[in-house]
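Remarks on the overall topology
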Amino acid sequence: MSMFRNPLKPDSEGHYGDLAHRADRDSQRAFAAGRHPLDPLASVMAQEETRRGFFARGAQGIGGLALASLLKGQTEGLPHFAPKAKRCIYLHLVGAPPQMETFDYKPKMKDMFDKDLPASIRQGQRLTTMTSGQSRFPIAPSIFNFAQHGKSGAWVSELLPYTARMVDDIAIIRSMNTDAINHEPAITFFQTGFMIAGRPCIGSWLSYGLGSMNQNLPSFVVLQAKHYHPKANVQAISARLWSAGFLSGKYSGVGLRSSGDPVLFINNPNGVPTEVRRAMLDGLSEMNQLTYDKLGDPETRTRIAQYEMAFRMQASVPELTDLAKEPAGTWEAYGADAKEKPGSFAHTCVMARRLAERGVRFVQVYHRGWDVHGNLPEVLPAQCKEIDQPVWALVQDLKQRGMLEDTLVILAGEFGRTIYSQGKLTQTDYGRDHHPRCFSLWMAGGGIKGGVVHGETDEFSYNITRDPVHVRDFQATILHQFGIDHEKFSYNYQGLNVRLTGVEKAEVVKAILT
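Residues numbered from 1 in each chain as written. Predicted model: local features only at pLDDT ≥ 70, side-chain atom pairs only at ≥ 80, totals over all residues. Heavy atoms only, no water.

Here we come to the side chain of H486. Among the secondary structure elements, H486 is positioned in the loop between helix 14 (471-481) and strand 16 (491-493). On the basis of relative accessible area, H486 is assigned to the buried category, the value being 6%. Those residues in contact with H486 that lie beyond four places of it in its chain are A476, L479, R499, T501 and A506. (Helix = DSSP H or I, 4+ residues; strand = E, 2+ residues; numbered from the N terminus. Buried < 20%, exposed > 50% of the residue type's maximum accessible area, 1.4 Å probe, protein only. Contact = heavy atoms within 4.5 Å.)

Right, let's get into the confidence of the model for the protein chain. Taken as a whole, the protein chain shows an average pLDDT of 89; of its residues, 86% reach a score of 70 or greater. Across residues 48-62, where pLDDT falls below 50, the model places 20 contacts with residues more than four positions away in sequence or in other chains. (pLDDT = per-residue confidence, 0-100.)

This part covers the environment of K250. Assignment of secondary structure puts K250 in the loop between strand 5 (220-225) and strand 6 (254-255). With a relative accessible area of 17%, K250 lands in the buried category. Between the C-alpha atom of K250 and that of F220, which follows or precedes it by 30 residues, the distance is 9.6 Å.

Glancing now at the packing of aromatic side chains. This model, assessed by the stated rule, comprises 17 aromatic pairs. Judged by centre distance (5.3 Å) and plane angle (65 degrees), the rings of F190 and F474 are edge-to-face. Residue F190 is located in helix 6 (residues 183-192), and its partner F474 is located in helix 14; the two are separated by 284 residues in the primary sequence. Since its relative accessible area comes to 1%, F474 is described here as buried. Taking the centre distance of 6.3 Å and the plane angle of 80 degrees together, the rings of W205 and F246 count as edge-to-face. Taken together, the positions of W205 in helix 7 (residues 202-210) and F246 in the loop between strand 5 and strand 6 put the pair 41 residues apart, joining distant regions of the chain. Among the aromatic residues, those joined into a ring-pair cluster are W205, Y208, F246, Y251, F489, Y491 and Y493. If you follow R165 out to its NZ or CZ, it ends over the ring of W392, 4.5 Å from the centre. Over the aromatic face of Y292 sits the side chain of R301, whose NZ or CZ is 4.2 Å from the ring centroid. (Phe/Tyr/Trp six-rings, centres within 6.5 Å; stacked < 30°, edge-to-face > 60°. Lys NZ or Arg CZ within 6 Å of the ring centre and 35° of its normal.)

Now for unusual backbone geometry. Here the amide bond leading from L78 into P79 is cis, since omega sits at -5 degrees, within 30 degrees of zero. Here P79 shows up in the loop between helix 3 (64-70) and strand 1 (87-93). Although it is not a glycine, D467 sits at a positive phi angle of roughly 55 degrees. Looking at the secondary structure, you find D467 in the loop between strand 14 (464-466) and strand 15 (469-470). Residue class for D467 comes out partly exposed when judged on its relative accessible area of 31%.

What follows covers the pairing of strand 8 (residues 407-412). The buried count for strand 8 comes to six of six residues, which makes it a mostly enclosed element. Burial along strand 8 is two-sided: the residues T407, V409 and L411 and L408, I410 and A412 are all buried. In the sheet, strand 1 pairs with strand 8 via six bridges, with the strands oriented parallel. Bridging across to strand 8, L91 finds its partner in L411. (Pairing = 2+ DSSP bridges.)

Pasting the structure below:
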């Protein structure tokens, strides 16, 4: 095959060069209008070019081709087996709630008030700088009562009365453990499998692997719920937690705000009608397509697709965020905050259900204020009250709609808290430091077995005594519920086949699965 193209023939996109156009003009001058012997052929070619141009503009000029790529189905070969979950609502309690005040009941500690934590229990553990300088580590028993609930007899704190009502719907893991002892690396580790920012988060991995279920909404949405106690210690979080890392930017989480424009920069500027906006985006997409054809950068396609998605969200987001048609039963179930306080945890749970209902694959919710280094007896009850009824309502709502069976719901922090007090200890006041060795979380729906309590810790809630579950095991279990074998799901980056669960051993927690 010749490497030279005939200059009189069109290129691969049907466009003719200057030489061909000049030859055509010279030829036309030699004959009267309509008398050229090639006029019939030219008419057919013009019709074909019109069709070609139409399909090119329809598939590329308005971003349809790029959006099809953005909304493509699963990565080739996925899922590896039949999934139990189609979507996930992940509720992260930023700051880390204390396990001995929520799900890990330790009654013997009441007899050890203000006694020093035995060195045999601490075993030389690395501490944070907030308590490493303390002269002693006095035991601070929880001042809150516990009771057993459900068929499993799970112990649940009085701070979580609504959660106690649904223990037969959830699996409580009391033997979680992590490698990180400070918030930023610990949250990053939970979300991305690596303590240093820059890796894709769980939502991005699932979006990359399984694609989208709604062409008018992103596959991964992030909600930040407000907290209200003025003394709650707040940990900063950033968009790095919902970043796609080295994956394409189209797999990053899209933030949904509770006030003002729900999504920034998707609405038309003042005075710009939809028709003008559509024409502008078509022209912009065509220019971006030319850039892609020239440079071949896949992120150019991402840019085209994101513009198109933004245009579609102009219609889908207002419908999503309009809660006027929610029945009165919604507000009764989720609590008054859901209706009266936009951005509250209760309101956010309603939004999370609506997103899941509309096919958003991964909804990430962050609720801050759980870093109880001090004032725990005052702050923790307020924090628990903000989330307790809404999470119960969310699970019951999904169950009533027939969605719980294929919607994975998770409520977790990034590590646990110490049984010893940080700072001054009294009968009515204490705080707790960070503790990575053991903590609790719960999962529900999406193939998770309800009424299960998995794992045990020692009488100090300091070390795991049975069935440890590492963060990597937790991540492997999430992927498993979506039909993904974590050892076979990777992305080649800088010569390495990178996995969410990393290179160390990770096992699916089969004891909590149906």
